Amino acid sequence: MPFFGFTPSEGLLNDIQTGIANKNSSEPLYLLRDKIALQLNEEIIDNVLIQLVQHFPASEKRDTAEKLAGYVKSTVAVLLKQLLSKAPNDVVKQSVEFSEKSLFKDPQGQYKVGVNLDAGLVTNLKHNFTELEAGNDINKAALAELYKQFGDAMIKHFMSDFNKTLDLGMIKRKAADIGAAAVTKAVHIAIDKLIPSLNRTELKAMAEYHDGLFFN
């Protein structure tokens, strides 16, 4: 099945694999789960946005992308710290199994952390990347909609679906839903502001960088 995946740091990959290996252990696992969740948030934003905008010249567009990255990172980190708490291993095991499902291997056998995506979404993104890398024009509004779909899939998986593994009470569940909705809104606004304003050189840089993060 098609997926998005980034190369995790050695530390994150090691922590995920340690959690998987020890998921039936009697030793408390909640601290490792918390470390993985916070580090994952950092690395997703770094890989999807921060490393991308480093290819852009200094501009308002770069500022917009960097502000979005900072907002999502801080919002998710604050939310996670509210949601994560000491928990028995039978609860934590659900989060460990979630991280196991978020681990993929690319065609070269390299580990990636990511999420399964709709085949049509990946096909359409890849088609746009190919056109942009060839120097052709594309429909920016259509590309923005594809990126919103991608953003929604990421938020559903790494926020909403992950939060379901935490066995939250009603108040924390409400906070989690509000947090996911706020991030979704910010991502949509930023995409609508950013993608239509990118010039051909910036679009090509985005295509070349993001092409390596999506797998058919």
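So, how was this worked out
- Residues numbered from 1 in each chain as written.
- Predicted model: local features only at pLDDT ≥ 70, side-chain atom pairs only at ≥ 80, totals over all residues.
- Heavy atoms only, no water.
- Helix = DSSP H or I, 4+ residues; strand = E, 2+ residues; numbered from the N terminus.
- Rg over C-alpha atoms; globule rule 2.2 N^0.38 Å.
- Buried < 20%, exposed > 50% of the residue type's maximum accessible area, 1.4 Å probe, protein only.
- Contact = heavy atoms within 4.5 Å.
- Areas by Shrake-Rupley, 256 points an atom, 1.4 Å probe, with all protein chains shown as cover.
- Lys, Arg positive; Asp, Glu negative; His and termini not counted.
- Charge placed at Lys NZ, Arg CZ, Asp CG, Glu CD.
- Pairing = 2+ DSSP bridges.
- Expected span 1.5 Å × (residues − 1).
- Polar contact = N/O pair within 3.5 Å; in protein donor to acceptor, adjacent residues only side chain to side chain.
- 1 Å grid on protein atoms, 1.4 Å probe; cavity = no way out; pocket = protein on both sides within 12 Å on 5 of 7 lines; lining within 4 Å.
- Points joined across faces, edges and corners; volume = space filled by probe spheres on them.
- pLDDT = per-residue confidence, 0-100.

### Quick notes on the overall build of the protein chain
Right, so step 1: What the protein chain contains, in helices and strands, is eight helices and four strands.
Right, so step 2: The helix and strand sequence of the protein chain, counted from the amino end, reads β-α-α-α-α-β-β-α-α-α-α-β.
Right, so step 3: In terms of overall size, the protein chain behaves like a compact globule, its C-alpha atoms giving a radius of gyration of 18 Å where 216 residues would be expected to give roughly 17 Å.
Right, so step 4: The principal-axis extent of the C-alpha atoms belonging to the protein chain is close to 55 × 40 × 30 Å.
Right, so step 5: Residue burial in the protein chain is summarised as follows: out of 216 residues, 50% are buried.
Right, so step 6: At a minimum sequence separation of 6, the contacts of the protein chain that also span at least 24 residues come to 83%.
Right, so step 7: Of the roughly 10,900 Å² that the protein chain leaves accessible, carbon and sulfur atoms contribute 54%.
Right, so step 8: When the 25 positive and 27 negative side-chain charges of the protein chain are each reduced to one mean point, those points stand 4 Å apart.

### Description of the sheet that holds strand S2 (residues 103-105)
Right, so step 1: Taken together, four strands build an open sheet; the order of strands is S2-S3-S1-S4 and the sheet is antiparallel. The strands lining the two open edges of the sheet, one partner per strand, are S2 and strand S4 (214-215).
Right, so step 2: As paired strands, strand S1 (residues 3-6) and strand S3 (residues 111-116) are joined by four bridges and run antiparallel to one another. When the sheet's bridge partners are listed, Phe3 is paired in S3 with Asn116.

### Focus on helix H3 (residues 60-83)
Right, so step 1: Compared with the 34 Å implied by 1.5 Å per residue over 24 residues, the 34 Å span of H3 between its first and last C-alpha is a close match.
Right, so step 2: Contact partners of the buried residues in H3: helix H2 (30-53), helix H6 (140-164), helix H7 (170-194) and helix H8 (200-210).

### Digging into the environment of Asn116
Right, so step 1: Structurally, Asn116 is set in strand S3.
Right, so step 2: Between the C-alpha atoms of Asn116 and Leu32, which are 84 residues apart in sequence, the distance is 24 Å.
Right, so step 3: Setting aside its immediate chain neighbours within four residues, Asn116 contacts Met1, Pro2, Phe3 and Phe104.
Right, so step 4: A polar side-chain atom of Asn116 sits 3.5 Å from the main-chain carbonyl oxygen of Pro2.

### A closer look at the side chain of His210
Right, so step 1: Topologically, His210 is positioned in helix H8.
Right, so step 2: A relative accessible area of 4% places His210 in the buried class.
Right, so step 3: For His210, the contacting residues outside a window of four places in its chain are Val48, Leu52, Phe129 and Tyr147.

### Here's the deal with empty space enclosed by the protein
Right, so step 1: Counted according to the given criterion, the structure contains one cavity of 30 Å³ or more.
Right, so step 2: Of the pockets and cavities examined, the largest cavity occupies roughly 690 Å³.
Right, so step 3: Lining the largest cavity are 40 residues, with Ile44, Ile45, Val72, Met154 and Ile155 positioned closest to its centre.
Right, so step 4: Looking at the lining of the largest cavity, the elements that each hand over two or more residues are H2, H3, helix H4 (89-101), H6, H7 and H8.

### Remarks on the confidence of the model for the protein chain
Right, so step 1: Predicted confidence across the protein chain gives a mean pLDDT of 93, with 100% of residues reaching 70 or more.
Right, so step 2: Element-level pLDDT for the protein chain is lowest in H3, with a mean of 87, against a maximum mean of 97 in helix H1 (residues 10-21).

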